[in-house]
Amino acid sequence: MTATTRLRRLGTVVGASAAVCGGAILLHSPTSASDGGGSYLASVRQKIHDPFAAVPSREVQQSSLIGTSTANPLDVLVIGGGATGSGVALDAVTRGLRVGLVEREDFSSGTSSRSTKLIHGGVRYLEKAVFKLDYGQLKLVFHALEERRQVIDNAPHLCHALPCMTPCFDWFEVVYYWIGLKMYDLVAGARLLHLSRYYSAKESTELFPTLATEGEGRTLRGTVVYYDGQMNDARLNVGLACTAALAGAAVLNHAEVLSLLKDDASERIIGAQIRDNLTGKEFNTYAKVIVNAAGPFCDAVRKMADKDARDMICPSSGVHIILPDYYSPVGMGLIVPKTKDGRVVFMLPWLGRTIAGTTDSNTPITFLPEPHEDEIQFILDAISDYLNVKVRRTDVLSAWSGIRPLAMDPSAKNTESISRDHVVFEDHPGLVTITGGKWTTYRSMAEDAVNAAIKSGMLTPSNECVTNNLRIVGGEGWDPAFFTVLTQQYMRMKLSSKGKIVPGIMDSAAAKHLSRAYGTLAERVAAIAQDENLGKRLAHGYPFLEAEVAYCARHEYCESAIDFIARRSRLAFLDTDAAGRALPRVIQILAAEHKWDKSRQKEELQNAKAFLETFKSSKNAQFHDGKHV
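Counting from 1, residues in each chain are numbered in the order their sequence is written. Per-residue local features of the predicted model are confined to residues with pLDDT of at least 70, and side-chain atom pairs are confined, for both listing and counting, to 80 or more; whole-chain, interface and lining totals are unaffected and use all residues. The basis for every side-chain value is the complete set of non-hydrogen atoms in the structure, without hydrogens or water.

Focus: empty space enclosed by the protein
Then, number 1: The way it works is a 1 Å grid over only the protein atoms, where trapped points that fit a 1.4 Å probe form a cavity and open points with protein on both sides within 12 Å along at least five of seven lines form a pocket, and then any residue with an atom within 4 Å of a point lines it. Grid points are joined across faces, edges and corners, and a volume is the space filled by probe spheres set on the points. Here the structure, examined in full by the defined rule, presents four cavities of 30 Å³ or more.
Then, number 2: Of the voids in this model, the second largest cavity is the one considered here, and its volume is about 60 Å³.
Then, number 3: In terms of lining, the second largest cavity is formed by Gly87, Leu90, Asp91, Asn154, Leu240, Tyr442, Arg443, Ala446, Thr467, Leu470 and Ile472.
Then, number 4: Here a strand is any run of E in DSSP of at least two residues, a helix any run of H or I of at least four, and the numbering for each starts at the N terminus. Of all the secondary structure elements, the ones that give two or more residues to the lining of the second largest cavity are helix H4 (83–93) and helix H12 (442–457).

Let's talk about the UniProt feature "domain: Alpha-glycerophosphate oxidase C-terminal" (unreviewed entry) in the protein
Then, number 1: Following the UniProt record, one finds the feature "domain: Alpha-glycerophosphate oxidase C-terminal" (unreviewed entry) at residues 465–600.
Then, number 2: The span residues 465–600 shows a helical share of 53% and a strand share of 3%, and its end C-alpha atoms are spaced 43 Å apart. UniProt positions are given in the numbering used here, feature names are shortened, and annotations may be inferred rather than shown by experiment.

Re the pattern of salt bridges
Pairing between side chains becomes possible if they bear opposite charge and their charged atoms approach one another.
Then, number 1: Note on definitions: salt bridges are taken to be side-chain nitrogens of Lys or Arg within 4 Å of carboxyl oxygens of Asp or Glu. Under the counting rule described, the total for this entry stands at 32 salt bridges.
Then, number 2: Two residues, Arg275 and Glu256, come together in a salt bridge whose shortest N-O distance is 3.0 Å. Placement of the pair is Arg275 in strand E11 (residues 269–276) and Glu256 in strand E10 (residues 255–262), with a sequence separation of 19 residues.
Then, number 3: Think of it in three bands: residues with accessible area under 20% of the maximum for their type are buried, residues over 50% are exposed, and the middle band is partly exposed, with areas taken using a 1.4 Å probe on protein chains only. Since its relative accessible area comes to 26%, Arg275 is described here as partly exposed.
Then, number 4: Between Asp395 and Arg392 there is a salt bridge; the shortest N-O distance is 2.7 Å.
Then, number 5: The class for Arg392 is partly exposed, based on a relative accessible area of 38%.

Details of the layout of surface pockets
Then, number 1: Its boundaries defined by the atoms lining it, the second largest pocket holds a volume of some 960 Å³.
Then, number 2: Taken together, 40 residues make up the lining of the second largest pocket; nearest its centre are His160, Trp350, Leu351, Gly352 and Arg516.
Then, number 3: Mapped onto the lining of the second largest pocket, the elements with two or more residues apiece are strand E4 (159–168), strand E8 (222–231), strand E15 (345–350) and helix H14 (508–518).
Then, number 4: Of the residues forming the lining of the second largest pocket, the biggest block, seven residues, is contributed by H14.
Then, number 5: Among the residues making up the lining of the second largest pocket, the classes are represented as 21 nonpolar, 11 polar and eight charged. Three classes are used: nonpolar for Ala, Val, Leu, Ile, Met, Phe, Trp, Tyr, Cys and Pro, charged for Asp, Glu, Lys and Arg, and polar for all others, with Gly counted as polar.

Here we look at the confidence of the model for the protein
Then, number 1: Per-residue confidence for the protein gives a mean pLDDT of 90, with 90% of residues at or over 70.
Then, number 2: Values of pLDDT, ranging from 0 to 100, describe the predictor's confidence in every residue of the model. When checking whether two residues touch, look at their non-hydrogen atoms; a contact exists if any pair is within 4.5 Å. A low-confidence stretch, residues 623–629 stays under pLDDT 50, and its non-local contacts, those more than four residues away or across chains, total 10 contacts.

Considering a nonpolar patch on the surface
Then, number 1: A grouping of Val130, Phe131, Val175, Trp178, Ile179 and Met183 is seen on the molecular surface, where their side chains present a nonpolar patch of about 550 Å² in accessible area.
Then, number 2: When contributions to the nonpolar patch are tallied by element, the ones reaching two or more residues are helix H5 (123–131) and helix H7 (171–188).
Then, number 3: Considering the arrangement of structural elements, one finds Ile179 in helix H7.
Then, number 4: Relative accessible area serves as the criterion here: at 43%, Ile179 is assigned to the partly exposed category. Within the patch definition used here, like charges are joined within 9 Å and nonpolar side chains (Val, Leu, Ile, Met, Phe, Trp, Tyr) within 5 Å, considering only residues with over 30% relative accessible area and no salt bridge. Note on areas: Shrake-Rupley with a 1.4 Å probe; residue coverage comes only from the protein chains shown.

Observations regarding unusual backbone geometry
Then, number 1: Along the chain, Gly357 connects to Thr358 via a cis peptide bond; the corresponding omega equals 0 degrees.
Then, number 2: Secondary-structure assignment places Thr358 in the loop between strand E16 (353–357) and strand E17 (361–362).
Then, number 3: Phi at Ser108 is positive, roughly 70 degrees, even though this residue is not glycine.
Then, number 4: Accessibility expressed as a relative area gives 1% for Ser108, which makes it buried.
Then, number 5: The backbone of Met458 sits at a positive phi, close to 50 degrees, despite the residue not being glycine.
Then, number 6: With respect to the element layout, Met458 can be found in the loop between H12 and helix H13 (483–489).
Then, number 7: Judged by relative accessible area, which is 73%, Met458 ranks as exposed.

Quick notes on the nonpolar core
Then, number 1: By nonpolar core we mean a set of buried residues, namely Ala, Val, Leu, Ile, Met, Phe, Trp, Tyr and Cys, connected to one another through side-chain atoms within 4.5 Å. One finds Cys159, Leu236, Leu486, Met506, Tyr518 and Val586 to be the most contacted residues of the largest nonpolar core, which totals 135 residues.
Then, number 2: Of all hydrophobic cores here, the second largest spans 28 residues; its members include Phe208, Leu220, Val345 and Leu387.

Remarks on helix H6 (residues 135–154)
Then, number 1: Here H6 contains 20 residues, and its C-alpha end-to-end distance of 29 Å stays within 8% of the 28 Å for a straight helix at 1.5 Å per residue.
Then, number 2: Among all positions of H6, only Gln137, Val141, Ala144, Leu145, Glu147, Arg148, Gln150, Val151, Ile152 and Asn154 are buried. By this rule, a helix spans an expected 1.5 Å times one less than how many residues it contains.

Concerning the environment of Ser462
Then, number 1: Tracing the backbone through its elements, the reader meets Ser462 in the loop between H12 and H13.
Then, number 2: You can call Ser462 partly exposed: its relative accessible area is 31%.
Then, number 3: In the structure, Ser462 is positioned 422 residues away from Tyr40 in sequence and 9.2 Å away in space, judged by C-alpha atoms.
Then, number 4: A polar atom in the side chain of Ser462 sits 3.0 Å from the side chain of Asn463. Polar contact is the term for a pair of N or O atoms within 3.5 Å; when the atoms are in protein, one must be able to donate a hydrogen and the other to accept it, and sequence-neighboring residues count only if both atoms are side-chain atoms.

So, the pairing of strand E13 (residues 313–323)
Then, number 1: In terms of residue burial, E13 counts as a mostly covered element, since 10 of its 11 residues are buried.
Then, number 2: The pairing of E13 with strand E18 (residues 398–407) spans 10 bridges and is antiparallel. In the strand pairing of E18, Ile321 is matched with Ala399.
Then, number 3: Note: two strands are recorded as paired if DSSP finds a minimum of 2 bridges between them. For E13 and E17, the ladder comprises two bridges, and the chain directions are antiparallel. Paired with Ser317 across the bridge in E17 is Ser361.
Then, number 4: In the sheet, E13 pairs with E16 via four bridges, with the strands oriented antiparallel. Across the sheet, residue His320 finds its bridge partner in E16, namely Gly357.

Some details on the state of the cysteines
Then, number 1: Two cysteine sulfur atoms form a disulfide, by the criterion used here, when they sit within 2.5 Å. Tallied over the full model, the rule gives zero disulfides.
Then, number 2: No disulfide involves Cys242; its nearest neighbouring cysteine sulfur is the one of Cys552, lying 8.8 Å away.
Then, number 3: The buried category is assigned to Cys242, whose relative accessible area is 4%.
Then, number 4: Counting only cysteine sulfurs, Cys159 is the nearest neighbor of Cys465, a cysteine outside any disulfide, at a range of 17 Å.

Notes on the packing of H6 against H7
Then, number 1: Viewed as axis vectors pointing N to C, H6 and H7 meet at an angle of 65 degrees, and their least axial separation amounts to 10 Å. By the criterion of interaxial angle, the relationship of H6 to H7 is roughly perpendicular. Pair H6 / H7 crosses with right-handed handedness. On the side of H6, the interface is formed by Leu138, Val141, Phe142, Leu145 and Arg148, while H7 contributes Tyr184, Val187 and Ala188. All axes are obtained by fitting lines to C-alpha atoms, using only the stretch in contact for helices, and the reported angles, taken between N-to-C directions, cover 0 to 180 degrees. By definition in this entry, angles of less than 35 degrees are roughly parallel, angles greater than 145 are roughly antiparallel, angles of 65 to 115 are roughly perpendicular, and the rest are oblique. What makes a crossing left-handed is the near helix being turned counterclockwise from the far one by less than a right angle; a clockwise turn instead makes it right-handed.

Some words on the packing of H5 against H6
Then, number 1: At a minimum axis separation of 8 Å, H5 and H6 run at an interaxial angle of 155 degrees. Between H5 and H6, the angle is such that the two are roughly antiparallel. Considering the relative orientation of H5 and H6, their crossing is left-handed. Two secondary-structure elements touch here, H5 through Tyr125, Leu126, Lys128 and Ala129 and H6 through Gln137, Leu138, Leu140 and Val141.
Then, number 2: Looking at side-chain class alone, the contact of H5 with H6 contains six nonpolar, one polar and one charged residues.

In structure tokens:
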């Protein structure tokens, strides 16, 4: 396909989008699957991956939610736009149900954007299964391995296999970990990413040059390397929400549930009062079943139905830090299953930098959790035991905290039921709560929640769950060499400081980034960079382009500067200070896209700066005589 043909096709997409957005439409159910699940799945795929497809505008989505009534309710209204909530919306709409989703902040604004970025198969469960002869733990391993494979297959541009090295400082550890990981390979079977293997100390340091071989009276005997998955979590979450929208769900971010609506006679939950936090407009949306997927905040939603509801969530803080790329080599992570104090610590390459973590400590539930300095220092101290380079607090480019919603069955009599597995619970008619679990199993969690919703509302889906074999938007037809199309056929036209249009090549770094972030839709972003002179980089040393801001505003419900720097791109997570420097230009482009006045632009800048203050880079921490105080 020539570049001219591609641009003509993209122009048609924009035109079609504008036509759809011209007026309100009522939410529709997907095509019936009465002729069989195979052809239905094909029709859903065609809808999602249609090259002319564009998500309905935010205004259209809101009109769809407002257009419901007690006589014409949605089948399912999802509260929460994290991984699980977006997964529920996608699962339900692809079963032929009428679906809406509301999220108080932005898709992936909470826990789902603050994860370890690993899609792991539950190797620690295997250890428990073997030593405790626990078949239940073994089932968890099988389940996690199956879901890991499906997450990677369904979003190949955003997920990939990552080798993880475990250092061994005595021969017992070598044998112990080697046998354990070979069992892991065996259990994985067809779901195996790559075979694990042992490397000598010399081979290990060639693969991981910063790995220490001596220290504290111990000598490196070798390492065992196994494979897990890695992802760009927030972009995967946004992709799920946009895929659900393309399939027919009405998804609305920055929309807060104020209260739940009850039927006076039956006391059943029949809807929600919602406020659009961008405009202040309030409206009611009605549904046969509400699915509460609000993560750490699910108890607050449950208490809207019953103020005496017993808490399900035991929040845990997970802190991660970002370090320069030289701390870990490209394509090789380091995982220590048990440090001196028994915790797990890791260092992984991620988007051109190194992510290290993590902590696991009790925390209060807040909208914007912040990492404590002692948690950051714990991570730095832990990784320094395994490296031959000086680990410095001044190297921390960004540090953030996420709240893990560890779940407890509210009917349990004690806290021993606290688990990292998920819980699906209906403690009030019409309100199904799904919480707990982990990113790796979001798809099966969503499936369980939709099954419970169907039972609760006596819904009539047109087919069974199809998400186990459904690629998200941008994933169909993508392959790792796709970036070459961008480098060969697109330019990065940009305005110089003197206001002149300056041509530039679509270099490999930018093309690889666009390909990995947007999949096959990267061509749309590249076309904007070329045709609208938005080809400049937003921050020195990072591949993010101005064109991405415009694209995300038009096609990914990017409604604020924070939405872009934190979730559409990952600049806030990668380098807090670089994100701050990019803010004025990001706001300028968003202002043009969303018609913001000067007051709104000033407000956006203030909000984004306050947001970045919660990411503790070395520059927004306080130092005295070279030491942090």
